[in-house]
Amino acid sequence: MHKFILILLFVLSLFSCGTDTDTGEFTVGSDYLALSNKVVLIDTVTVNMSTINFDSLATSNRGRILIGNYDDPVFGKVKSDSYFQLSADTYALNSVGSDTESTNYVFDSISMILKYDRYYYGDTTKVQTFNIHRLTQKVKPNTNDSNFYNNSTLAYSSESLGTISYKPRPKEKDSINIKMSKEFGEALFQKIKKREVTDFDSFTEYLKGLVLVPENSNSSNIIGFSVSTSKVRLYYSKYQSDNEAASLIVDFSILDATKQFNSISLDKTGTIIQNLPASTGRLSSLQTNNQGFIQSGTGVACRIDFPNIKQFKNISTNGAIVDAELILKPVNNSYSEKYPLADSLTVYVGDNLNRISGTLVNSAGTSVYGKLSQKSDEFNENVGYSISIGNFLQKEMLKQSDSRSALILTLPGIAQSVNRLVLGDQKHLNNKIQLKIYYISY
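Along each chain, residues carry numbers from 1 onward, in the same order as the chain's sequence is written. Restriction of local features to residues with pLDDT of at least 70 applies here, the model being predicted, together with a cutoff of 80 or more for giving and counting side-chain atom pairs; totals for whole chains, interfaces and linings are based on all residues. Heavy atoms throughout the structure, all of them, feed into the side-chain values; hydrogens and water do not.

S.K.: Any chance you could explain helix α2 (residues 182-193) here in plain terms?
M.R.: Residues lying three or four places apart along an α-helix face the same way, a consequence of the helix completing one turn every 3.6 residues. Runs of H or I in DSSP of at least four residues are treated as helices and runs of E of at least two as strands, each being numbered from the N terminus. What a helix is expected to span follows from its residue count: subtract one and scale by 1.5 Å. Taking 1.5 Å of rise per residue, 12 residues should cover 16 Å, and α2 covers 16 Å from first to last C-alpha, within 8% of that figure. Between buried and exposed lies partly exposed: a residue is buried under 20% and exposed over 50% of the maximum accessible area for its type, with that area taken using a 1.4 Å probe on protein chains only. Residues of α2 that are buried include every one of Phe184, Gly185, Leu188, Phe189, Ile192 and Lys193, and no others. Seen end-on, α2 carries its buried residues on one side only, within an arc spanning 165°. In this description, one arc is meant: the one made by directions from the helix axis to the C-beta atoms.

Here it is as structure tokens:
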């Protein structure tokens, strides 16, 4: 017990009780507790928060068509266009004979059918408008890369092949139907009927793909549709001898999900994060009203640094961090029914240049996530994400090199959604980040 008292006295003499700064001071406050013979709880360690922006996110092969735009009161103007290549199971009209041109087939109409996948973000009580455009460039990724990204774009015609203005009902309805240009449908029908289009290659040479583009005049929401069940449907018919038409269809679907991607942009002009630097830099929370920011789809993420963790080695000749809990608080009034809190946070480990080395894991090698606690209280004081980081801090404390790793926080579905989050840093007035470290000497 005498040895343990000496250790505590050494801690108090080694670390200042003043305000934490980024210049090397490491504060162990007066709230340390002797939890057992040799375990100390330290809860006033410096934690730095900043906002970063990934260079790009791979948005192809995610299974979701993401279309719409909205004006975010914090982040700025968010927009998602969706590009895709179509194909069919067959490129022939229904016929028992070999000469389809000799039969009496006629074009009826063509529509795009988009099936809701129940994802939505923003205000779904307002009307959203988007147009369908024809690609003038093949859906083909760059050499040596099979992915498309949130900042990828393809050239398309300015002519609209179809438009819709609708109030999204992703939880109430199954799909939306957009009537497309009669001229476009008739031309495609004739290509198939005359056997000028007979297979995938000839089809994609004629129709390289489509893109859905929201109109800027309406900014209210972004909606998700299923890649696997959405399609363009061509309706045609054959007149029988009794003059009754038999309705027939040809479906063009997104059979190759790698050839569908969402181009997601964020215009930060005039916002608190408008000076967000390139992917290797960071924007300190001290420059953003003591807040850190996360947004899926656009690559905005929150970085957490522990600048003085190596000084824990000075506490005791033989000691270890046995556990640590990081609690992050969403900023009051930054979330609502329109901008709900995610149930969890995805946590990565990154280097000084924001390069990801992997997900955060515990001592057993299992991935660690931030878990949302949303217990009801008058001032939302119990709303927060808890992350177990003892294994990470112990490794950082024992590093022989001068390099330091950081935690990089994102939301689940980072490449197929636009959810966002605002967190308070250690100096935030109402929603301070908290770190509790359990240290044992032996």
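S.K.: Explanation requested: the environment of asparagine 131 in the structure shown.
M.R.: As for its position among the elements, asparagine 131 is in strand β7 (residues 128-135). Accessibility expressed as a relative area gives 11% for asparagine 131, which makes it buried. Here the alpha-carbon distance between asparagine 131 and serine 158, two residues 27 residues apart in the chain, equals 10.0 Å. By the convention used here, residues are in contact when the closest approach between their heavy atoms is within 4.5 Å. Setting aside chain neighbours within four positions, we find asparagine 131 in contact with Ser160, Gly162, Thr163, Val211, Leu212, Val213 and Glu215. A polar contact is formed between the side chain of asparagine 131 and the side chain of serine 160, at a distance of 2.9 Å. Two N or O atoms count as a polar contact when they lie within 3.5 Å, although within protein this holds only if one can serve as hydrogen donor and the other as acceptor, and sequence-adjacent residues are included solely when both atoms are side-chain atoms.

S.K.: Explain the packing of aromatic side chains to me, please; I cannot follow it from the model alone.
M.R.: Aromatic ring pairs are defined here through the distance separating the ring centres and the angle between the ring planes. Centre distance within 6.5 Å is the pairing criterion for rings of Phe, Tyr and Trp, where only the six-membered ring of Trp is used; planes under 30 degrees apart are then read as stacked, over 60 as edge-to-face, and the remainder as tilted. For the coordinates displayed, the defined rule picks out 15 aromatic pairs. Judged by centre distance (4.8 Å) and plane angle (5°), the ring pair of tyrosine 83 and phenylalanine 261 falls under stacked. With a gap of 178 residues between them, tyrosine 83 in strand β5 (residues 76-84) and phenylalanine 261 in strand β14 (residues 260-267) connect regions that are remote in the sequence. Across this residue pair, the class does not change: tyrosine 83 and phenylalanine 261 are buried. With a centroid separation of 5.8 Å and an interplanar angle of 50°, the aromatic rings of phenylalanine 312 and tyrosine 439 are classed as tilted. With phenylalanine 312 in the loop between β17 (300-305) and β18 (319-328) and tyrosine 439 in strand β25 (residues 434-441), this residue pair connects regions lying 127 residues apart in the sequence. An aromatic cluster of three or more residues is present, and its members are Tyr105, Phe107, Phe189 and Tyr236. Positioned above the aromatic ring of tyrosine 206 is the side chain of arginine 134, whose terminal nitrogen or guanidinium carbon lies 4.7 Å from the ring centre. Just above the ring of tyrosine 339 sits the side chain of arginine 420; from NZ or CZ to the centre is 4.4 Å. The criterion for a charge sitting over a ring is simple: Lys NZ or Arg CZ within 6 Å of the ring centre, and within 35 degrees of the ring normal.

S.K.: Please clarify how the environment of serine 284 should be interpreted in this entry.
M.R.: Topologically, serine 284 is positioned in strand β15 (residues 283-284). Taking the C-alpha atoms as reference, serine 284 lies 9.9 Å from cysteine 302; in sequence the two are 18 residues apart. Discounting residues that sit within four places of it in the chain, serine 284 has contacts with Met49 and Ser50. Only 3.1 Å separates the side chain of serine 284 from the backbone nitrogen of leucine 286, close enough to count as a polar contact.

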